[in-house]
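# Notes for the structure review
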Amino acid sequence: MLHLFTKLNNRRIRGKISRQELPWKTLKNIERPNSSSQLIPKNMYQTWENKLVGKNHFKSIQNFISINDDLSFYYFDKNERDSYITQYWGHHQISEIYNHSKFGQVQADIFRYCILAERGGYYFDISKGCSSQLSKLHNPNDSALISFEGNYCGILPELDHLNYFMHPERYISQWGFGFAPQHLFLHRTIDNICKAYPFFQGKLFSNPKAAIISFSGTGMFTKSVREVTSEGFLGSVCQKGIDFNGHGIFIMPGSHARYLMIPDYADKINEVIVE
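### Some points on the overall build of the protein
Per the secondary structure count, the protein includes 8 helices and 13 strands. Taking 275 residues into account, the globule formula puts the C-alpha radius of gyration at 19 Å, and the protein, at 19 Å, falls close to it. Put simply, 85% of the contacts in the protein that link residues at least 6 apart link residues at least 24 apart. Just so you have it, the protein exposes about 13,100 Å², and 52% of that area is on carbon and sulfur atoms. The averaged location of the 25 negative side-chain charges in the protein is 10 Å from the averaged location of its 30 positive side-chain charges.

### Focus: the packing of aromatic side chains
Following the criterion strictly, the structure yields 25 aromatic pairs and no others. Ring pairs connect the aromatic residues Phe64, Phe73, Tyr75, Phe124, Trp175, Phe244 and Phe250, which therefore count as one cluster. One cation-aromatic arrangement involves Lys128 over Phe250; the distance from NZ or CZ to the ring centre is 4.4 Å. One Lys or Arg, Arg170, reaches over the ring of Tyr152 and ends 4.1 Å from the middle of that ring.

### Structural notes on the nonpolar core
Residues Ile94, Ile97, Ile110, Phe179, Phe215 and Ile273 are the most contacted members of the largest nonpolar core, which totals 47 residues. Counting 22 residues, the second largest nonpolar core, distinct from the first, contains Met44, Ile61, Phe124 and Leu134.

### Some words on the packing of helix α7 (residues 208–215) against helix α8 (residues 218–230)
Axis separation between α7 and α8 bottoms out at 4 Å; the angle between their running directions is 20 degrees. It follows from the interaxial angle that α7 and α8 lie roughly parallel. Contacts between α7 and α8 pair Ile213, Ser214 and Phe215 from the former with Thr218, Gly219 and Met220 from the latter. Looking at side-chain class alone, the contact of α7 with α8 contains 3 nonpolar, 3 polar and no charged residues.

### Some details on helix α4 (residues 93–100)
Turning to α4, its buried residues number three or more, namely Ile94, Ser95, Ile97 and Tyr98. For α4, the angular spread of the buried residues around the axis is 160 degrees, confining them to a single face. Each element contacted by the buried residues of α4 is listed here: α3 (78–89), α5 (104–119), α6 (184–200) and α7.

### Things to note about the packing of α6 against α7
Across the interface, α6 lies against α7 with an axial gap of 10 Å and an inter-helix angle of 145 degrees. Contacts between α6 and α7 involve Ile193, Ala196, Tyr197 and Phe200 from the former and Ala211, Ser214 and Phe215 from the latter. When its residues are assigned to classes, the contact of α6 with α7 shows 6 nonpolar, 1 polar and no charged.

Rules behind the numbers
Residues numbered from 1 in each chain as written. Predicted model: local features only at pLDDT ≥ 70, side-chain atom pairs only at ≥ 80, totals over all residues. Heavy atoms only, no water. Helix = DSSP H or I, 4+ residues; strand = E, 2+ residues; numbered from the N terminus. Rg over C-alpha atoms; globule rule 2.2 N^0.38 Å. Contact = heavy atoms within 4.5 Å. Areas by Shrake-Rupley, 256 points an atom, 1.4 Å probe, with all protein chains shown as cover. Lys, Arg positive; Asp, Glu negative; His and termini not counted. Charge placed at Lys NZ, Arg CZ, Asp CG, Glu CD. Phe/Tyr/Trp six-rings, centres within 6.5 Å; stacked < 30°, edge-to-face > 60°. Lys NZ or Arg CZ within 6 Å of the ring centre and 35° of its normal. Core = buried A, V, L, I, M, F, W, Y, C linked by side-chain atoms within 4.5 Å. Buried < 20%, exposed > 50% of the residue type's maximum accessible area, 1.4 Å probe, protein only. Axes fitted to C-alpha atoms, helices over the stretch in contact; angles between N-to-C directions. Parallel < 35°, antiparallel > 145°, perpendicular 65-115°, else oblique. Nonpolar A, V, L, I, M, F, W, Y, C, P; charged D, E, K, R; others polar. Arc of directions from axis to C-beta.

Given below as structure tokens:
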């Protein structure tokens, strides 16, 4: 009886969201002149399974675009994301892992590391944003812009490098960041995903979301950044506190509407995340 009530209640919620968010809007690339000499190219890359978003989500995205009026915005749907990985990373094992992934979230994780490693620029999840202009948050000679999650990691970095990180006790965010091309943080993350692949391959996880965090998400990214810094890389990395010093927008208004078309991976249980 409780299950039936929950199911009916969820239908009502979905119906309400649908009415509030229709009609769907289509995201289009925005190209702007780039005369900047900063190390991080002024290009924003984002991805989702398609380019349709609800009208309130679209309004939130347009506000994010207007704040960052010096950036070009490029949106990749699943087909474009697949084509990019095949064309630019088909020679690398990460392409095999990408193609064997059972969750779009794993593919989106891999995509962000790969495209910024190859081209440089900024990446933000399609549901995320920032109320401050990103290029103003760091110096032109910074090779990376990173932030920290509000969530505690539970495992500290190497003790010799505790003082390097602004928040060593927290995860390093990967829902939004910026990098110069070929950055070591990104290449190490890609390499570590490849090394971890045999452990995760074909394994059933009762909590797929937690497994994805460890395999390709913020857990793996945090581990990789810590490794590189422990080996002596202390380059021009701009650290902007928790959620970009409070300017980060973790959930854009209206962004939940996208789950009307694509189910939320966080709701899955007892699934294989990569074959």
